[in-house]
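Close look at the chain arrangement
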Amino acid sequence: MTTKRAFLAAMLAAAAFVPGTASAQAITEIKIGTEGAYPPYNNLNAKKELEGFEIDYMNDLCARMKVKCTWVVQDWDGIIPALLSKKYDVIVAGMNATPERAKRVDFTDVYTSTPIAMVGAKSITSTNISPDALKGKTLGAQGSTIHMNYLEAYYKGSTLRPYPTQEEANLDLLNGRLDYIVADLEALESFLKDKGKDCCKIIAEVKRDAAIHGPGVGMALRKGEDALKAMINKAIAE
């Protein structure tokens, strides 16, 4: 019996050191992946410094958690694969916690949510953005996002164009190569106050589809990182 107990104790002790099961107290440094091309959430300024709501927010959480945080800039279309290959520990990049993404990664609690909007030329008078109304039109969105997924699901009669960044989609709308773009309202507002102020306007809000859009924006982690998730959720709640 004593030998069995000793064996079980040894197995439990070994399990405590399996990667991904470390206690919150053992976490002293977190690497954070972000896109750096989605203002006002995250963006690289002219000095190539990260700025934006999420940068300030996560830096505040890091201070609350008393951990050292290092930022890593990663193109959006490779942001989840880079997390899974352990380039960083968590994604903070305006990522909506969708059911589809949750098959590959885990999410923290939602920390922000914004309406979704469709933007077009100021000359457009109709606010009807139904698939039938936009049949034959050219619609754009950032690729590998909930917005492109939404267009692909509902606007099969339109020409759809995915873009590597939101900025590129905005510029094609500005230059008349698109009829409409779809994105988070906050991201579109910065465009409409600046480069798009003379050309474009919000046509209508897009109704959220829970299966495609999810409940809001969360931070993505590798599955099994329960201690890190709990630590971040505590800081979010504070």
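Here's a quick rundown of the structure. (Residues numbered from 1 in each chain as written. Predicted model: local features only at pLDDT ≥ 70, side-chain atom pairs only at ≥ 80, totals over all residues. Heavy atoms only, no water.)

**Thoughts on the side chain of Arg 101**
With respect to the element layout, Arg 101 can be found in the loop between strand S6 (90–91) and strand S7 (106–107). Buried charge without a salt bridge: Arg 101, with Asp 184 as the nearest opposite-charge side chain at an N-O distance of 8.6 Å. There is a polar contact of 3.4 Å between the side chain of Arg 101 and the backbone oxygen of Ser 144. If near-sequence neighbours (up to four positions away) are discounted, Arg 101 is found in contact with Trp 76, Ile 80, Met 95, Asn 96, Phe 107, Ser 144, Thr 145 and Ile 146. (Helix = DSSP H or I, 4+ residues; strand = E, 2+ residues; numbered from the N terminus. Buried < 20%, exposed > 50% of the residue type's maximum accessible area, 1.4 Å probe, protein only. Lys, Arg positive; Asp, Glu negative; His and termini not counted. Salt bridge = Lys/Arg side-chain N within 4 Å of Asp/Glu carboxyl O. Polar contact = N/O pair within 3.5 Å; in protein donor to acceptor, adjacent residues only side chain to side chain. Contact = heavy atoms within 4.5 Å.)

**Details of unusual backbone geometry**
Here the bond from Pro 39 into Pro 40 is cis, since omega is 5 degrees, no more than 30 degrees from zero. Mapped onto the elements, Pro 40 comes out in the loop between strand S2 (37–38) and strand S3 (42–44). Phi is positive for Ser 144, close to 60 degrees, though the residue is something other than glycine. The topology assignment puts Ser 144 in the loop between strand S9 (138–142) and helix H4 (146–154). A relative accessible area of 48% places Ser 144 in the partly exposed class.

**Describing the pattern of salt bridges**
By the definition in use, this model includes nine salt bridges. A salt bridge links Glu 100 to Lys 103; the shortest N-O distance between them is 3.1 Å. By relative accessible area, Glu 100 is classed as exposed at 51%. Here Lys 229 makes a salt bridge to Asp 106, at a shortest N to O gap of 3.3 Å. Of this pair, Lys 229 sits in helix H8 (residues 226–237) while Asp 106 sits in strand S7, and the two are 123 residues apart along the sequence. Owing to a relative accessible area of 23%, Lys 229 belongs among the partly exposed residues under this scheme. Linked through salt bridges whose partners overlap, the residues forming this network are Asp 60, Arg 64, Lys 234 and Glu 238.

**Regarding the pairing of S9**
Summarising burial for S9: five of the five residues are buried, a large majority. Judged by which residues are buried, S9 turns out to be covered on both faces: Thr 138, Gly 140 and Gln 142 on one side and Leu 139 and Ala 141 on the other are all buried. Two strands pair when backbone bridges link them, and S9 and strand S10 (residues 159–163) are joined in this way by five bridges, in the parallel orientation. If you follow Thr 138 over to S10, its bridge partner there is Thr 159. Handedness of the crossover is the feature at issue here: the chain leaves S9, passes through H4, returns alongside S10, and the resulting connection is right-handed. (Pairing = 2+ DSSP bridges. Right-handed = clockwise from strand over helix to strand, strands pointing away.)

**Digging into the sheet that holds S2**
Strand pairing in a sheet takes place through backbone hydrogen bonds and is either antiparallel or parallel in direction. Reading across from one edge, S2-S3-S4 is the order of the three strands in this open sheet, with antiparallel pairing throughout. The sheet is open, and its two borders are formed by S2 and strand S4 (50–51), each paired with just one other strand. Of the pairings in the sheet, the one linking S2 to S3 comprises two bridges and is antiparallel in character. Within the sheet, the bridge partner assigned to Tyr 38 lies in S3 and is Asn 42.

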